[in-house]
Amino acid sequence: MTTPPEAPRKTMLFDDAVLEKIAGKAAMNVPGVLALQGNLIENLSDRLTDGEQPQIGVSVDANQERQTVALELTALLAYGKRAEAIFDQLVDQITRDVKTMTGFQITQIKLRVKDLLTKEEWAQAEAKRAGKKPKKES
């Protein structure tokens with residue numbers, strides 16, 4: 001009688017950038033999160049590219065062995081909205097997306113609110129970033 005072959009040993013690792021990207025894209029799907037902001041160099045790099053770098057403003061501390069990750073995000077939020085409610089939605093969305101795509105458990109999410117912007121302030125900031133003049137609302 002022959003013994004069946006052993007199942008192959010499997011290991012899958014995720015680069016920090018992948019976890020940052022998932023968290024960044026998830027955060028941008030939360031109403032009230034206007035943008036994620038990185039450090040000065042990340043922000044400059046974002047302006048020199050197409051601006052599609054979802055990992056900007058997200059830092060991770062991952063433990064590949066335990067499949068856990070702690071996240072820190074820096075964001076601009078909508079003025080007049082309840083920041084705590086936005087944060088709760090952000091935590092739910094990121095936790096769900098990271099778990100679904102990687103199997104990792106979130107151990108901590110820290111949100112640093114860099115600014116609260118009105119619709120007008122946000123429109124001006126976006127227009128400036130795009131090199132356009134903002135539209136005046138009547």
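Caption draft 1: View of the packing of aromatic side chains. Here the structure, examined in full by the defined rule, presents one aromatic pair. Taking the centre distance of 5.7 Å and the plane angle of 85° together, the rings of F14 and F104 count as edge-to-face. Taken together, the residues span a long stretch of sequence, with F14 in the segment before α1 (16-28) and F104 in the loop between α3 (83-102) and β4 (105-117) at a distance of 90 residues. Side by side, F14 and F104 carry an identical accessibility label, which is buried.

Caption draft 2: Layout of α3. For α3, built from 20 residues, the straight-helix expectation of 28 Å at 1.5 Å per residue is met to within 8% by its first-to-last C-alpha distance of 28 Å. Turning to α3, its buried residues are I86, L90, Q93, I94, D97, V98 and T102. Projection of α3 onto a plane perpendicular to its axis shows the buried side chains occupying an angular sector of 120°, all on one side. Buried-residue contacts for α3 involve α1, β1 (33-36), β3 (68-78) and β4. Once α3 ends, the next one or two residues include G103, with phi positive near 85°.

Caption draft 3: A look at the nonpolar core. Core analysis: the biggest nonpolar cluster contains 24 residues, and V69, L71, L73, I94 and V98 have the highest contact counts within it. In this view, L71 contacts A23, V58, S59, V60, I94, I106, Q108, I109 and K110; residues no more than four positions away in its chain are not counted. Within the second largest apolar cluster, five residues are counted, among which are L34, L76, A78 and L117.

Caption draft 4: View of the pattern of salt bridges. The full count for this structure, using the stated rule, is two salt bridges. Ionic pairing is found between E72 and R112, a salt bridge with its closest N-O pair at 3.0 Å. Taken as a pair, E72 in strand β3 and R112 in strand β4 lie far apart in primary sequence, 40 residues in all.

Caption draft 5: Local environment of the confidence of the model for the protein chain. Residue-level pLDDT values for the protein chain average 85, and 82% of them are 70 or greater. Averaged over each element, pLDDT in the protein chain is lowest for helix α2 (residues 40-48) (41) and highest for α3 (98). Segment residues 39-50: pLDDT under 50, and 13 contacts once partners within four positions in sequence are set aside and those in other chains are kept.

Rules and cut-offs
Residues numbered from 1 in each chain as written. Predicted model: local features only at pLDDT ≥ 70, side-chain atom pairs only at ≥ 80, totals over all residues. Heavy atoms only, no water. Phe/Tyr/Trp six-rings, centres within 6.5 Å; stacked < 30°, edge-to-face > 60°. Helix = DSSP H or I, 4+ residues; strand = E, 2+ residues; numbered from the N terminus. Buried < 20%, exposed > 50% of the residue type's maximum accessible area, 1.4 Å probe, protein only. Expected span 1.5 Å × (residues − 1). Arc of directions from axis to C-beta. Contact = heavy atoms within 4.5 Å. Core = buried A, V, L, I, M, F, W, Y, C linked by side-chain atoms within 4.5 Å. Salt bridge = Lys/Arg side-chain N within 4 Å of Asp/Glu carboxyl O. pLDDT = per-residue confidence, 0-100.

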